[in-house]
Amino acid sequence: MNTDTPVIDADSPEAARADIPPTPQWLRLQRLFRHTLKVGEVNPLLLIVPQYRQEPGT
Amino acid sequence: MTLIQADTVIARVCELPALSAVVMELIQSLGDDDLSADQLAKKISNDQALAAKTLRLANSSFYGMSRQVTSITDATAILGLRTLRSVAMAAGLAGSFPATASGGFDFKAFWRHSIGTALCARALATAVRREEEIAFTLGLLHDIGRLALVTAFPQQFAKTLAHQRANDLLPLDAERSVLGTDHAAVGGMIAEHWRFSPAIVQAIAHHHAPTDGDEASLADLLHVADNMAHALDMSQQEDDTVPPLSMAAWSRLALDEARCTQVFRQAEAQHESVCQALLM
């Protein structure tokens, strides 16, 4: 299976929480949004869902 | 590539175990309030499996009933015609396709996602003031093309799944690459073949690519609800992924964070109880 880590944009939520250790929930969100992140698509849910899940740094 | 032609799809779908006559009638009667509550109760009561599942769902925490509903007649009086119709359709659809093993297709995850999309669509419909019953039913039906493909073309679909996993593709891209068609197009054909209303056919066929327009359509609502159900991980399938979101559809629905959060809370609060009632 191709599980290449997507390139993370400097303005992305991933960059904003770069110093915070990833939680299992955060890793799962990254996995779910892997195609969005890979091609740099705009999807407001990429911001709203982590905030709803109360992920640290969001 | 194993191209599947449109006429072959329809021919094979005709050979599939049909949706029960009651479920077909219920879906075709969507939006028609002339169907009387008595007629509806009789139709459901004549199908024992459907009646049992309908009662189980009516008694689940989804509907928050204060007392046990013990008969379909009771359910009609307590839930009302529209709600009972959507409960019975959900129960009937979930029981219509046998969960036979097929190349790693996960039926449980499929239904968990479909139910999640139905609940997101229903909550979204409330938020944007659209018909909740139709939205719920569309959520349940939106990936019916996938179910039809795996049931009617098990070997070809197994190749599609293998190709998708090996290359970490979106399901739609893997289907187009291996089969030459995709589940949205097939779903639209099936919905048309089953003589569902044009609005339902259009919404299913375009749920991954809503057409342009000035006003929010059912396809927009379904598209965003599907995206939300993936983003909320409602299928719990390890390789699930959020498909591309149409920003035009998103804008037409005029959603903001507060509305989304409300939709998420409502859908997640009901998801487990509906899955338990329908997937037992």
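Notes on the structure in this doc start here. (Residues numbered from 1 in each chain as written. Chains lettered and ligands numbered in written order. Predicted model: local features only at pLDDT ≥ 70, side-chain atom pairs only at ≥ 80, totals over all residues. Heavy atoms only, no water.)

Re the side chain of Asp 220 of chain B
- With respect to the element layout, Asp 220 of chain B can be found in helix H14 (residues 218-231).
- Beyond its immediate stretch of four places on either side in the chain, Asp 220 of chain B contacts Pro 210, Glu 215, Ala 249, Arg 252 and Leu 253 of chain B. (Helix = DSSP H or I, 4+ residues; strand = E, 2+ residues; numbered from the N terminus. Contact = heavy atoms within 4.5 Å.)

Focus: the packing of helix H4 (residues 48-58) of chain B against helix H16 (residues 257-279) of chain B
Residues and elements named next belong to chain B.
- Interhelical geometry of H4 versus H16 gives an angle of 160 degrees and a closest axis separation of 9 Å. Of the possible angle classes, the one that applies to H4 and H16 is roughly antiparallel. As H4 packs across H16, the resulting crossing turns out to be right-handed. Only Val 274, Ala 277 and Leu 278 of H16 make contact with H4, whose side of the interface consists of Lys 53, Arg 56 and Leu 57.
- Class assignment of the residues belonging to the contact of H4 with H16 gives a composition of four nonpolar, no polar and two charged. (Axes fitted to C-alpha atoms, helices over the stretch in contact; angles between N-to-C directions. Parallel < 35°, antiparallel > 145°, perpendicular 65-115°, else oblique. Left-handed = near helix turned anticlockwise from the far one by under 90°. Nonpolar A, V, L, I, M, F, W, Y, C, P; charged D, E, K, R; others polar.)

Quick notes on the interface of chain A and chain B
- Tallying the contact residues gives 21 residues for chain A and 30 residues for chain B.
- Carbon and sulfur atoms make up 53% of the surface buried where chain A meets chain B, a total of about 2,200 Å² over both sides.
- Where chain A touches chain B, the interface holds four salt bridges.
- We note a salt bridge from Arg 34 of chain A to Asp 168 of chain B, for which the minimum N-O separation is 2.9 Å.
- Summed over the shared surface of chain A and chain B, the number is 15 residue pairs in polar contact (both at pLDDT 80 or more).
- At the level of secondary structure, the elements contributing two or more residues to the side of chain A that touches chain B comprise helix H2 (24-32), helix H3 (34-39) and helix H4 (45-52) of chain A. (Buried area = accessible area lost by both parts, 1.4 Å probe. Salt bridge = Lys/Arg side-chain N within 4 Å of Asp/Glu carboxyl O. Polar contact = N/O pair within 3.5 Å; in protein donor to acceptor, adjacent residues only side chain to side chain.)

Notes on the nonpolar core
All names here are of chain B.
- One finds Leu 19, Leu 57, Leu 147, Phe 196, Met 228, Leu 255 and Phe 264 to be the most contacted residues of the largest nonpolar core, which totals 107 residues.
- No other element matches helix H7 (residues 107-127), which puts 12 residues into this core.
- Those residues in contact with Leu 147, other than ones at most four positions away along the chain, are Phe 97, Phe 105, Phe 107, Phe 110 and Trp 111. (Core = buried A, V, L, I, M, F, W, Y, C linked by side-chain atoms within 4.5 Å. Buried < 20%, exposed > 50% of the residue type's maximum accessible area, 1.4 Å probe, protein only.)

Considering the packing of aromatic side chains
- Per the counting criterion, the structure on display carries five aromatic pairs over all chains.
- With a centroid separation of 5.0 Å and an interplanar angle of 65 degrees, the aromatic rings of Tyr 52 of chain A and Phe 264 of chain B are classed as edge-to-face. One end of the pair, Tyr 52 of chain A, is in helix H4; the other, Phe 264 of chain B, is in helix H16, on a second chain. As far as burial versus exposure is concerned, Tyr 52 of chain A and Phe 264 of chain B are alike and both buried.
- For the pair Phe 110 of chain B and Trp 111 of chain B, a centre-to-centre distance of 5.2 Å together with 90 degrees between the ring planes defines the contact as edge-to-face.
- Counting every residue linked through ring pairs, the aromatic cluster contains Phe 105, Phe 107, Phe 110, Trp 111 and Phe 157 of chain B. (Phe/Tyr/Trp six-rings, centres within 6.5 Å; stacked < 30°, edge-to-face > 60°.)

Some remarks on the pattern of salt bridges
Residues and elements named next belong to chain B.
- Scanning the entire structure with this criterion turns up 11 salt bridges over all chains.
- With a closest N to O distance of 2.7 Å, Glu 133 and Arg 85 form a salt bridge. Note that Glu 133 is positioned in helix H8 (residues 132-141) and Arg 85 in helix H6 (residues 81-94), a separation of 48 residues in sequence.
- By relative accessible area, which is 6% here, Glu 133 ends up buried.
- Using a relative accessible area of 0% as the deciding quantity, one classes Arg 85 as buried.
- The shortest N-O distance in the salt bridge between Glu 175 and Arg 146 comes to 2.7 Å. Highlighted residues: Glu 175 in helix H11 (residues 171-179) and Arg 146 in helix H9 (residues 144-152), separated in sequence by 29 residues. For the pair shown, Glu 175 and Arg 146 are each scored as buried.

Treat this as a map of the structure, not an account of what it does.
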